[in-house]
Amino acid sequence: MQAPDFSQTYFELFGLSPVFDIDRARLQAEQQRLQATYHPDRYVNADDRDKRVSVQIASWVNQAYEILQDPVKRSRYLLEINGATIPDDSSTTSDTEFLMEQIELREEVEACRHGEDPLRKCEQIEIRLVQRADQLAAEFVTHFEARDLDAALLSSRKMQFIQRIQQQLSELQFDLEDF
Amino acid sequence: MALLQISEPGESSAPHQHRNSVGIDLGTTNSLVATVRSGKVVCLPDEQGRCLLPSIVHFESACALVGYQAQALQSSDPLNTVASVKRLMGRGQEDVIQLGKVLPYEFVVSEGSNVPRIRTRCGDLSAVEISSEILRALAQRAGQSIGGDLDGVVITVPAYFDDAQRQATRDAATLAGLNLFRLLNEPTAAAVAYGLDQDTDGLIAVYDLGGGTFDISVLRLNKGVFEVLATGGDSSLGGDDMDHLLGEWIITTAGFSDIDAILARKILIAARTAKEQLTIHDVAVIMIDHEQQWGHEIHRKEFEELIQPLVKKTLLACRRALRDAGVGKDEIDEVIMVGGSTRVPLVLSMVGEYFERKPMCEHDPDKVVAVGAAIQADILAGNKPDSGMLLLDVLPLSLGIETMGGLSEKIINRNIAIPVTRAQEFTTFKDGQTAMSIHVVQGERELISDCRSLARFELRGFPPMTAGAARIRVTYQVDADGLMSVSAEELTSGVAADIVVKPSYGLTDAEIESMLRASMEHAREDIVLRMLKEQQVEASRVIEAIDAALAQDGENLLSESEIAQIRERRDALEAVIETASADELKRLIKAIEEASEFYVARRMNASLKQALTGKKIDEVDV
């Protein structure tokens, strides 16, 4: 078995440029090509060593795919391979303006549950969140390209927060929807 | 896999030899075996031409009878005739005691074993052993039909099967002497059966409504690659529930009271018969002989009104799976129907209405899973080297480990592509801690007690370090069968423990589903509870630290009134540790920390002084 070079970055593994805006079609096609090469199903009749190695490689490829296909994880990974230190999830931000935004958005989502026409309200918030996520992603790209990694990290953390709110909203919509 | 085989000089260049392989659908009610023969998939029948093999095993003193023969002996010798053994796979003692109330068997709790056994005249047998009899019967049928030994098999399992249940299925294959190529998820198998026929690309939903379980999977097909995007289900739902609803209707309509076991059985059989008739006819006649004969007509419309909420519940699970997959229902290109209960017209019409397209049901819903398994087995055997088919599956339930306070720290989230490896670092909780117990669980809830315990294992022999200094990395690996192995290592010392998880329990589909559902319902409660648990743990840690410090040098460094002052706060915290809210605990902890700041400072000075008066630094307690 020809193992891939484990020292390459996930971007290199998938033949992508190490930038935030990736070619998603390429990512997906490469994921399938790599799995077609290394998936354990291809080594059912191989010796034990090759079987083990194939599980390891396929896991690594899945891990890389998981990170590249998610904008927040991708942004963090980009910073990481560019030498930034990524604090863990529990660390807090001192950006009070953003803290206020967090609190307000959370409250707004919660308020939907009891307000009038909650689904419509959810939809409105959803649209805003998508816009906000796009805006933050653009902000990330700007900082990243200017090599201001600290600012880029802050944008990435804000993206992560917006993603969490989106998940929270999606759970709420799921609860509320009636058909 | 070598696509181009170049033979070295002197090596034989024999053409690829066909290898015998079959796909097995090991079902709760019925099982099937299928194979690919001259490019076509065939279900292999018994001598009477029947493809289905009832999943029932009867134990004679010398041998086991499987299938219709066993079924015939079910009522005359119930204790030695085991049906629905799939429900016991990967289950622990407690679960089986629960089920023992429903199932007629005599369960044996054997010492030193976590696997419950059924007492038969052939001895006390585990679910794995009983399942292996079914597999053996199917393999024998296949061997006779194919005319040779089997090189390998693919066995299907519900997408929702957890690690313990998968492990049990694999053990049954081993016990039956089969070379297991792969455990394949049932919905994926169904998709394969359709996908290769139709040559479709795009998004497909597999709707699988069986007798007692409901599975929904969303897959993406692309040039022979079947990628599972999300899987979900609701296993308290199935054809049996329709029978029960209709049974209740019969009881109410007929005005039956004092229902004994015999009458209950009659009602259930009548309900099932009526349900089957209503699949084809608009009206069915229900007749029950009980004291005097009772007969009544039921229209399909009435039946549909009864079961409508039930079908609606399956659609809720569909919506959840679509959301998990991140696709809209209008993006679904095909809907595949699997399982006997999808024959019910209302199911077909409501599913069609929900997805806004006509569901595919060209394949016999009872056979489609075995057909897909046979296709994969043929490819894994290497009989189709040019096939680009590849099945990429996901983990059905999140994996986690127990952390302080009985909480689950998720390591791998459900619906992640497998195989997958994930590592997470933990640290020690106490000074000088040299061992650590790791408890592996599966499930979505935050509290360990609400998840399914898979296994516990101990890591031993770390060098003693200050609390928080050890770095313990736990690595989880889930292979392509969905089976997990765990390894753990203390990074600073390199002390490693490597353990393959042995199932201590199994989960029912119903439990998994109810866990999933409960996790959604209780998500908020869980967060509140989690915060409380965290503060309780922190409070205990603070109390312990204060006690240890006071015992060591309290009298040397503090005046009596200072000790009393710290003790008072400590006692105040201890008094309310079980009753206070998270915020209250947090406040009290902070108060203690502030009140003992001067003490901490004095301790540091003292140890510095000690170090400077000629003591070796490593003798100083930190």
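Rules used throughout
Throughout this document, residue positions are counted from 1 along each chain, in the order its sequence is written. Chains and ligands are labelled by the order in which they are written, letters from A for the one and numbers from 1 for the other. A pLDDT threshold of at least 70 governs which residues receive local features in this predicted model, and a stricter bar of 80 or more applies before side-chain atom pairs are shown or counted, although totals over entire chains, interfaces and linings include all residues. By convention in this description, side-chain values take in all heavy atoms of the structure and omit both hydrogens and water. What is meant by a nonpolar core is a set of buried Ala, Val, Leu, Ile, Met, Phe, Trp, Tyr and Cys residues, joined one to another through side-chain atoms within 4.5 Å. Any residue under 20% of the maximum accessible area for its type is buried, any over 50% is exposed, and the rest in between are partly exposed; the area is computed with a 1.4 Å probe on protein chains only. In DSSP terms, a helix is any run of H or I states spanning at least four residues, a strand is any run of E spanning at least two, and both are numbered starting from the N terminus. Note on contacts: a residue pair is in contact if any heavy atoms of the two residues lie within 4.5 Å. Helix span, expected: 1.5 Å multiplied by one less than the number of residues in the helix. Pairing between two strands is assigned when DSSP locates at least 2 bridges connecting them. Here an angle of 0 to 180 degrees is reported between the N-to-C directions of two axes, which are lines fitted to C-alpha atoms, with helices fitted over the stretch in contact. Every definition here rests on a 1 Å grid over the protein atoms only: cavities are sets of points where a 1.4 Å probe fits but cannot get out, pockets are open sets enclosed by protein on both sides within 12 Å along at least five of seven lines, and lining residues have some atom within 4 Å of a point. Grid points are joined across faces, edges and corners, and a volume is the space filled by probe spheres set on the points. Charged residues are taken to be Asp, Glu, Lys and Arg, nonpolar residues to be Ala, Val, Leu, Ile, Met, Phe, Trp, Tyr, Cys and Pro, and polar residues to be all remaining types, Gly included. Only Phe, Tyr and Trp rings are paired, with Trp represented by its six-membered ring, and only when their centres lie within 6.5 Å; those with planes under 30 degrees apart are stacked, over 60 edge-to-face, the remainder tilted. Placement of a charge over a ring requires the Lys NZ or Arg CZ to be within 6 Å of the ring centre, with the centre-to-atom vector within 35 degrees of the ring normal. Roughly parallel means an angle under 35 degrees; roughly antiparallel, over 145; roughly perpendicular, 65 to 115; everything else is oblique. The handedness criterion is simple: a crossing whose near helix is rotated anticlockwise from the far helix by less than a right angle is left-handed, and one whose near helix is rotated clockwise is right-handed. The patches reported here contain residues having more than 30% relative accessible area and no salt bridge. Joining distances are 9 Å for like charges and 5 Å for nonpolar side chains (Val, Leu, Ile, Met, Phe, Trp, Tyr). Method for areas: the Shrake-Rupley scheme with a 1.4 Å probe, in which residue coverage is limited to the protein chains shown. The salt bridge criterion pairs a side-chain nitrogen of Lys or Arg with a carboxyl oxygen of Asp or Glu, the two atoms within 4 Å. Only four residue types enter the charge count: Lys and Arg as positive, Asp and Glu as negative, with His and the chain ends excluded. Where a charge lies is defined by one atom per residue type: Lys uses NZ, Arg uses CZ, Asp uses CG and Glu uses CD. The quantity called pLDDT is the predictor's confidence in a given residue, expressed from 0 to 100. Note on terms: buried area is the combined drop in 1.4 Å-probe accessible area of two parts once they are placed together, counting the loss on both. For this analysis, a polar contact is any N or O atom pair within 3.5 Å, provided that within protein one partner can donate a hydrogen and the other can accept it, and provided that sequence-adjacent residues contribute only side-chain to side-chain pairs.

### Brief notes about the nonpolar core
All names here are of chain B.
- Judged by nonpolar contacts, the single largest core of 47 residues is most densely connected at Tyr207, Ile250, Ile286, Ile288, Ile332, Val347 and Phe355.
- The biggest single contributor to this core is helix 8 (residues 300–325), with ten residues.
- Not counting chain neighbours up to four residues away, the residues in contact with Ile288 comprise Ile250, Phe256, Leu263, Ile267, Ala270, Gln293 and Trp294.

### Considering helix 3 (residues 127–146) of chain B
All names here are of chain B.
- With 20 residues, helix 3 extends 28 Å between its outermost C-alpha atoms, agreeing within 8% with the 28 Å of an ideal straight helix rising 1.5 Å per residue.
- Ala127, Val128, Ile130, Ser131, Ser132, Ile134, Leu135, Leu138, Ala139, Arg141, Ala142 and Gly143 are the residues of helix 3 that are buried.
- Once helix 3 finishes, Gly147 follows within two positions and takes phi at roughly 80 degrees, a positive value.

### Points about the sheet that holds strand 6 (residues 64–66) of chain B
Residues and elements named next belong to chain B.
- What the three strands build is an open sheet, ordered 6-5-7; its pairing is antiparallel. Edge positions in the open sheet fall to strand 6 and strand 7 (81–83), since each of these has one partner strand only. This sheet shows a mean twist of 20 degrees between the axes of neighbouring strands, independent of strand direction.
- Bridging between strand 5 (residues 56–59) and strand 6 involves three bridges; their strand directions are antiparallel. Within strand 6, the residue paired with Val57 across the bridge is Val66.
- Together, strand 5, strand 6 and strand 7 form the strand contacts of helix 3, whose direction differs from that of strand 5 by roughly 105 degrees.

### Considerations on the sheet that holds strand 9 (residues 117–120) of chain B
Residues and elements named next belong to chain B.
- With antiparallel pairing, the three strands of this open sheet are ordered in space as 8-9-10. Either end of the sheet is taken by a strand with one partner, and the two such strands are strand 8 (107–108) and strand 10 (123–126).
- Where helix 3 meets the sheet, its contacts fall on strand 9 and strand 10, and the angle it forms with strand 10 comes to roughly 80 degrees.

### Some thoughts on empty space enclosed by the protein
All names here are of chain B.
- For the structure on display, the rule yields four cavities of 30 Å³ or more.
- For the largest cavity, the calculated volume is near 120 Å³.
- Counting residues per element, the lining of the largest cavity draws most heavily on strand 12 (residues 180–185), at four residues.
- In terms of residue class, the lining of the largest cavity is made up of eight nonpolar, four polar and five charged.
- Of the pockets and cavities examined, the second largest cavity occupies roughly 40 Å³.
- Leu26, Lys86, Met89, Thr156, Val157, Phe161 and Thr169 are the residues that line the second largest cavity.
- Here the residues of the lining of the second largest cavity are counted per class, giving four nonpolar, two polar and one charged.

### Let's talk about the packing of aromatic side chains
- On inspection of all chains with the given rule, the structure shows eleven aromatic pairs over all chains.
- Between Tyr354 of chain B and Phe355 of chain B, the aromatic rings sit 5.0 Å apart at their centres with planes inclined by 85 degrees, giving edge-to-face as the arrangement.
- Judged by its relative accessible area of 8%, Tyr354 of chain B falls in the buried class.
- Taken together through their ring pairs, the aromatic side chains of Phe6, Tyr10, Phe11, Trp60 and Tyr77 of chain A make up a single cluster.
- Sitting over the ring of Phe20 of chain A, Arg74 of chain A keeps its end group 4.7 Å from the ring centre.
- The ring of Tyr68 of chain B carries Arg50 of chain B above its face, with NZ or CZ at 3.9 Å from the centroid.

### A closer look at the packing of helix 5 (residues 96–114) of chain A against helix 6 (residues 118–145) of chain A
Residue and element names in this part refer to chain A.
- Between helix 5 and helix 6, the shortest axis-to-axis distance is 9 Å and the interhelical angle comes to 155 degrees. As judged from the angle between their axes, helix 5 and helix 6 are roughly antiparallel. Read as a crossing pair, helix 5 and helix 6 show a hand that is left-handed. Mapping the contact onto sequence places Phe98, Glu101, Leu105, Glu108, Val109 and Cys112 in helix 5 and Pro118, Lys121, Cys122, Ile125, Arg128, Leu129 and Arg132 in helix 6.

### Remarks on the pairing of strand 9 of chain B
All names here are of chain B.
- Of the two faces of strand 9, the one lined by Ile118 and Thr120 is fully buried and the one lined by Arg117 and Arg119 carries no buried residue.
- Both strand 8 and strand 9 contribute to a ladder of two bridges, which runs antiparallel. Opposite Phe107, over in strand 9, you have Ile118 as the bridge partner.
- For strand 9 and strand 10, the ladder comprises four bridges, and the chain directions are antiparallel. Counted as the bridge partner of Thr120 is Gly123 from strand 10.

### Examining a negative patch on the surface
- Side chains of Asp330, Glu331, Asp333 and Glu356 of chain B sit close together on the surface and give a patch of like negative charge.
- For Asp333 of chain B, the location among the structural elements is in the loop between helix 8 and strand 18 (334–338).

### Looking at the confidence of the model for chain A
- Averaged over all residues, the pLDDT of chain A equals 89, while 94% of them reach at least 70.
- Within chain A, no element has a lower average pLDDT than helix 5 of chain A, which sits at 86, and none a higher one than helix 1 (residues 10–13) of chain A, at 96.

### With respect to the interface of chain B and chain A
- With 35 residues of chain B at the interface, the matching set in chain A holds 28 residues.
- Buried surface at the junction of chain B and chain A, summed over both partners, amounts to about 2,900 Å²; 48% is from carbon and sulfur atoms.
- Ranking the residues of chain B by area buried against chain A places Arg319, Arg323 and Pro419 of chain B at the top, with a combined share of 22%.
- The interface formed by chain B and chain A includes one salt bridge.
- In this structure, the salt-bridge partner of Asp41 of chain A is Arg182 of chain B, at a minimum N-O distance of 2.6 Å.
- Summed over the shared surface of chain B and chain A, the number is eleven residue pairs in polar contact (both at pLDDT 80 or more).
- Elements with a minimum of two residues in the side of chain B that touches chain A: strand 12, strand 14 (214–222), strand 15 (225–233), helix 8, helix 10 (368–380), strand 19 (390–392) and strand 22 (420–426) of chain B.

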